[in-house]
Amino acid sequence: MRSAGLLLGIAGLAISVTPVSAQVPGGDVERTCFVASVRGVGSIPVNPAGLAVRPDDDGVLVRYAVTDTQKVDRETNVLFSLGNIGLSYRRLEATGRVGPREERAYRLAIAAGGSFLAFGNTIKMIEGDDSTGIRRTYDLDAGVILHPAPFLAVGAVGENLAEAEREPGVPTKRSFRAGAALLLLDRRLVFDGELWGLEGIDVEKQATARAGLAIRPAGGFTLSAGYERLPDAESETGWASVGIDVSGVGFSAGVSKRRQADPVRVWGEFRLTLQTVRF
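All figures in this text were calculated on a predicted structure; none of them were measured in a lab. (Residues numbered from 1 in each chain as written. Predicted model: local features only at pLDDT ≥ 70, side-chain atom pairs only at ≥ 80, totals over all residues. Heavy atoms only, no water.)

(A) Representation of a nonpolar patch on the surface. Taken together, the side chains of F80, L82, I85, L87, L108, I110, I123 and L140 define a hydrophobic patch exposed on the protein surface, amounting to about 660 Å² of accessible area. If you list the elements that add at least two residues to the nonpolar patch, you get strand 2 (73-82), strand 3 (85-96) and strand 4 (99-113). Structurally, F80 is set in strand 2. Taking the relative accessible area as the measure of exposure, F80 reaches 34% and is therefore partly exposed. (Patch = residues over 30% accessible without salt bridge, like charges linked within 9 Å, V, L, I, M, F, W, Y side chains within 5 Å. Areas by Shrake-Rupley, 256 points an atom, 1.4 Å probe, with all protein chains shown as cover. Salt bridge = Lys/Arg side-chain N within 4 Å of Asp/Glu carboxyl O. Helix = DSSP H or I, 4+ residues; strand = E, 2+ residues; numbered from the N terminus. Buried < 20%, exposed > 50% of the residue type's maximum accessible area, 1.4 Å probe, protein only.)

(B) Local environment of the pairing of strand 11 (residues 189-198). Extensive coverage of strand 11 is indicated by the burial of eight of its 10 residues. Direction of pairing for strand 10 (residues 175-184) relative to strand 11: antiparallel, over a ladder of 10 bridges. For A178, the partnering residue across the bridge sits in strand 11 and is L195. From the end of strand 10 to the start of strand 11, which pair antiparallel, there are four residues, and L185 there has a positive phi angle of about 55°. Taken together, the eight bridges between strand 11 and strand 12 (residues 208-215) define a ladder with antiparallel strand orientation. (Pairing = 2+ DSSP bridges.)

(C) Focus on the packing of aromatic side chains. Enumeration over the complete set of coordinates arrives at three aromatic pairs. With a centroid separation of 5.3 Å and an interplanar angle of 45°, the aromatic rings of Y89 and Y106 are classed as tilted. Linking Y89 in strand 3 with Y106 in strand 4, this pair joins segments that are 17 residues apart in sequence. Note on Y89: relative accessible area 26%, which makes it partly exposed. The ring centre of F34 lies 4.5 Å from the NZ or CZ of R210, which sits over that ring. (Phe/Tyr/Trp six-rings, centres within 6.5 Å; stacked < 30°, edge-to-face > 60°. Lys NZ or Arg CZ within 6 Å of the ring centre and 35° of its normal.)

(D) Region of interest: the side chain of N47. Here N47 shows up in the loop between helix 2 (28-32) and strand 1 (59-67). Of the polar contacts made by the side chain of N47, one reaches the backbone oxygen of V144; its length is 3.3 Å. Look past the residues within four positions of N47 in its chain and what remains in contact with it is V35, V38, G143, V144, I145, G155, A156 and V157. (Polar contact = N/O pair within 3.5 Å; in protein donor to acceptor, adjacent residues only side chain to side chain. Contact = heavy atoms within 4.5 Å.)

(E) The confidence of the model for the protein chain, seen in detail. Per-residue confidence for the protein chain gives a mean pLDDT of 83; residues scoring 70 or more make up 84%. Confidence over residues 1-24 falls short of pLDDT 50; this stretch has 52 contacts with residues more than four positions distant or in other chains. (pLDDT = per-residue confidence, 0-100.)

(F) Here's a closer look at the pattern of salt bridges. For the structure on display, the rule yields 23 salt bridges. A salt bridge links D73 to R265; the shortest N-O distance between them is 3.3 Å. Placement of the pair is D73 in strand 2 and R265 in strand 16 (residues 264-273), with a sequence separation of 192 residues. R265 sits in the buried class, given a relative accessible area of 12%. Measuring nitrogen to oxygen at the nearest pair gives 3.3 Å for the salt bridge that ties E93 to R74. You can see E93 sitting in strand 3 and its partner R74 sitting in strand 2, a full 19 residues away along the chain. You can call R74 partly exposed: its relative accessible area is 28%. Three or more residues are tied together by salt bridges with common partners; here these are D28, R63, D73, E75, D245, R265, E269 and R271.

In C-alpha cells form, the structure reads like this:
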C-alpha cells in the first residue's frame, strides 16, 4: 500500500503539471534516461552521481540515433567509465533553415559516494560548427542521488552552472532536472517521474514533465517506455525500447514519436561491460 501511494505521487508529479514555455535537454541519452534511477556508464550525460551508486559497473556504451530516412537530424554518443570516472563524446548533426549545423560535446565526469548517497560533477566542452565558424565553450553540471530506502531513489542535477556563452553575447541559462524513482523487485520494475526546467521559472506552470517505466522480466530482457510533455502542452513525445544483455554484452533499439506531424526517431545502442581495474 505504501509503495502504491508513492507511485501515485510520482505519477501525479510527472503528468499533472500544466507547463507553458521551456526547452528540453538536447541529447538522445538524456531524453531516455532519468536522473534518479540512472547508474553506471549511462550516467555521464544524465547525472554524474550515478557513477558512484554501484561498484564494478564499468563499461562502454555506443548509441546512434537518427530522425527520418533523410538523416537531417542524427546523433552519435560514445561513453566510457572506469570506476567513478567517466568520459563521453556526443556529436549532433542537423540541417536547419540556415544550413547544416554540427555540435560536439566532450565530458569528463567524476563521482563520489555510494549506494546511499552519491555526488558527481561534469566538466564539458561544447564545440559548435555552422556557417559562421567554430565556437568552443566550457561549462559545468553537478548532480546528486539519494536512496533513502531500497525501493526509492531521488535525484537532481544542475546543468550549465557556469552559464557559458555558446552564442556570442548570449549566456546559456542554468537549468535543473529533479525526479524520483520506485525500484521494485530488485530493479526488475522501475517507475520514474521527473521535472526539467530553466532557472527562475514557475515550476508548476513552466516545467517539462517526464515519466518512464522499465520492466526486466527475465533472461536479460528489458522493456522500456516513456512520455515527455513540454510546457506548451501541445508538444508531447512518447518512446519505447527493447534490449537484451548476454554475458555482459547488451543491445537495444528504440523508437520515439513527437505529437503532430514530426517524423519518427529511431536509435540503436551497444553496451559492453568491463571489469573494474584495481590498484
